[in-house]
Amino acid sequence: MGHVFYYETVLGTIGVAEVNDQITHLFFEVEKFPQNDYEKKETPILAEAGRQIKEYFEGKRREFDLPIAPVGTEFMLRVWKALQEIPYGETRSYKDIAALAGHSKAYRAVGMANNRNPISIVIPCHRVIGANGALVGYGGGLDKKVFLLDLEKEID
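Everything quoted here is computed from the prediction, not taken from an experiment.

Calculation criteria
Residues numbered from 1 in each chain as written. Predicted model: local features only at pLDDT ≥ 70, side-chain atom pairs only at ≥ 80, totals over all residues. Heavy atoms only, no water. Core = buried A, V, L, I, M, F, W, Y, C linked by side-chain atoms within 4.5 Å. Buried < 20%, exposed > 50% of the residue type's maximum accessible area, 1.4 Å probe, protein only. Helix = DSSP H or I, 4+ residues; strand = E, 2+ residues; numbered from the N terminus. Contact = heavy atoms within 4.5 Å. Pairing = 2+ DSSP bridges. Salt bridge = Lys/Arg side-chain N within 4 Å of Asp/Glu carboxyl O.

(A) Structural view of the nonpolar core. Counting 38 residues, the largest nonpolar core has Val-16, Phe-57, Val-79, Leu-83 and Ile-121 as its most contacted members. Within the residue set of this core, elements represented by two or more residues are strand S2 (12-19), strand S3 (22-27), helix H1 (44-57), helix H2 (74-83), helix H3 (94-100), helix H4 (107-115) and helix H5 (142-155). Among residues more than four places away in sequence, those in contact with Leu-83 are Ile-97, Asn-114, Ile-123, Pro-124, Cys-125 and Val-128. Counting 6 residues, the second largest nonpolar core, distinct from the first, contains Val-4, Tyr-6, Ala-17 and Phe-27.

Here you go:
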C-alpha cells in the first residue's frame, strides 16, 4: 500500500503519492486519484516533496531532487525522461521531445505520454508546447500550464 498527502499551493490543492519511498504521483485533480489504494499519511518522502514543491512555487528551487517511480510503457518512460532534460524556464516542442525519445515522428504519441504523466511539475510536461509556439494541452488545465511557465520566466 502507498501513501498520499495533500498540500495547499498557489495553484490549489496538490496531491503527492508514494510507494516504497518513491514518488509515484503528483496531481491537481484530487477527486480523480484512486484514494482506496493509498493511505492518507504524510511520510518523510512526502514531506520532502511538499517542501520542494513549496520552494519551487516560491522561486527558490529550479530542479527537484526526489526519488520518482512513474509507471508507464517503455516509450512513455523515455518521453518522461526527455521532459526532465528541458531546462527550467525553457520550452520544447512535441517534435523535439519525440526526437529525444528516439522516435522523431511520434510527436502525437509524445502528446499522449505528456497527458498521462503521473508526476506533473517534477516531470515538467508543462514545458512542452506546439511547434508553432502555441500553448496546447495540459492535464491540470491550460491555466495551470500558463501559470507554471510564467513562474519560471519571472524567476529566471
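The discussion continues.
(B) Main features of the pairing of S2. Of the pairings in the sheet, the one linking strand S1 (residues 2-9) to S2 comprises 7 bridges and is antiparallel in character. Within S2, the position partnered with Tyr-7 by the bridge is Ile-14. Two successive antiparallel strands, S1 and S2, enclose a turn made up of 2 residues. Pairing of S2 with S3, which is carried by 5 bridges, proceeds in the antiparallel orientation. Paired with Gly-15 across the bridge in S3 is Phe-27. Where S2 folds back onto S3 in an antiparallel hairpin, the turn is made up of 2 residues, including Asn-20, whose phi is positive at roughly 55 degrees.

(C) The pattern of salt bridges, seen in detail. Applying the stated rule across the entire model yields 8 salt bridges. Among the salt bridges present, the one from Lys-54 reaches Glu-58, with a minimum N-O distance of 3.2 Å. For Lys-54, a relative accessible area of 52% translates into the label exposed. In this structure, Glu-58 and Lys-60 form a salt bridge, with 3.4 Å as the shortest nitrogen-oxygen distance. Residue classification places Glu-58 among the partly exposed residues on the basis of a relative accessible area of 39%. On the accessibility criterion, Lys-60 (64% relative accessible area) is exposed. Overlapping salt bridges bring together Glu-48, Arg-51, Glu-55 and Arg-61 as one network.

By themselves, these figures tell us nothing about what the structure is for.
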